[in-house]
Amino acid sequence: METCNLSDFMKALTPWLDDDYIRKAYLDDNGHFVLLFTDGVKNVYHIEDCAKSKLKSILEDLKKKGVFVEST
């Protein structure tokens, strides 16, 4: 698991969106942001500087961009 702030997370996320590399995104039971990639890699992030509502907003944005978002 990687701990980061929201700004760093969003910068890291951007290139993956351009390549349709993300297969699924969701928040786990601990509130961690989980990304599953098309090659089977799973990245788990603890984003320390934002509320769960903001993370859910990011998930909604990903969904609008065509990423499968698992409901929590």
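Since we're looking at a predicted model, the values are computed, not measured.

Some points on a negative patch on the surface
Turning to step 1, where the next piece is worked out: Together, Glu-2, Asp-8, Glu-48 and Asp-49 make up a negatively charged patch on the protein surface.
Turning to step 2, where the next piece is worked out: Note that Asp-49 resides in the loop between strand E4 (42-47) and helix H2 (52-64).

Section: helix H1 (residues 6-18)
Turning to step 1, where the next piece is worked out: The terminal C-alpha atoms of H1 lie 19 Å apart, and with 13 residues this matches the ideal 18 Å at 1.5 Å per residue to within 8%.
Turning to step 2, where the next piece is worked out: Those residues of H1 that fall on the buried side of the exposure criterion are Leu-6, Phe-9 and Leu-13.
Turning to step 3, where the next piece is worked out: With its phi angle positive at about 50°, Asp-20 sits one or two positions after the end of H1.

A word on H2
Turning to step 1, where the next piece is worked out: The end-to-end C-alpha separation of H2 is 19 Å, in line with the 18 Å expected for 13 residues at 1.5 Å each.
Turning to step 2, where the next piece is worked out: Of the positions making up H2, those classed as buried are Leu-55, Ile-58, Leu-59 and Leu-62. Burial along H2 is one-sided: seen end-on, the buried residues are contained in an arc of 100°. Turned more than 90 degrees from where H2 packs its buried face, Ser-53 and Lys-64 sit exposed.
Turning to step 3, where the next piece is worked out: Looking at the buried positions of H2, the neighbouring elements they touch are H1, strand E2 (22-27), strand E3 (33-37), E4 and strand E5 (68-69).

Description of the side chain of Lys-24
Turning to step 1, where the next piece is worked out: As for its position among the elements, Lys-24 is in strand E2.
Turning to step 2, where the next piece is worked out: The class for Lys-24 is buried, based on a relative accessible area of 18%.
Turning to step 3, where the next piece is worked out: Here Glu-70 takes part through its side chain, which lies 2.9 Å from a polar atom of the side chain of Lys-24.
Turning to step 4, where the next piece is worked out: Setting aside residues no more than four positions away along its own chain, Lys-24 makes contact with Val-34, Leu-35, Leu-36, Val-67, Phe-68 and Glu-70.

Brief notes about the sheet that holds E5
Turning to step 1, where the next piece is worked out: With respect to topology, five strands assemble into an open sheet ordered E1-E4-E3-E2-E5, the strand pairing being mixed. Edge strands, defined here as strands with exactly one partner in the open sheet, are strand E1 (2-4) and E5.
Turning to step 2, where the next piece is worked out: In this sheet, E4 lies alongside E1 in parallel orientation, the contact comprising three bridges. Looking at the pairing, Thr-3 lines up with His-46 of E4.
Turning to step 3, where the next piece is worked out: Packing of H2 onto the sheet brings it into contact with E2, E3, E4 and E5, and relative to E2 it is tilted by some 155°.

Cut-offs and rules
- Residues numbered from 1 in each chain as written.
- Predicted model: local features only at pLDDT ≥ 70, side-chain atom pairs only at ≥ 80, totals over all residues.
- Heavy atoms only, no water.
- Patch = residues over 30% accessible without salt bridge, like charges linked within 9 Å, V, L, I, M, F, W, Y side chains within 5 Å.
- Areas by Shrake-Rupley, 256 points an atom, 1.4 Å probe, with all protein chains shown as cover.
- Salt bridge = Lys/Arg side-chain N within 4 Å of Asp/Glu carboxyl O.
- Lys, Arg positive; Asp, Glu negative; His and termini not counted.
- Charge placed at Lys NZ, Arg CZ, Asp CG, Glu CD.
- Helix = DSSP H or I, 4+ residues; strand = E, 2+ residues; numbered from the N terminus.
- Expected span 1.5 Å × (residues − 1).
- Buried < 20%, exposed > 50% of the residue type's maximum accessible area, 1.4 Å probe, protein only.
- Arc of directions from axis to C-beta.
- Contact = heavy atoms within 4.5 Å.
- Polar contact = N/O pair within 3.5 Å; in protein donor to acceptor, adjacent residues only side chain to side chain.
- Pairing = 2+ DSSP bridges.
- Axes fitted to C-alpha atoms, helices over the stretch in contact; angles between N-to-C directions.

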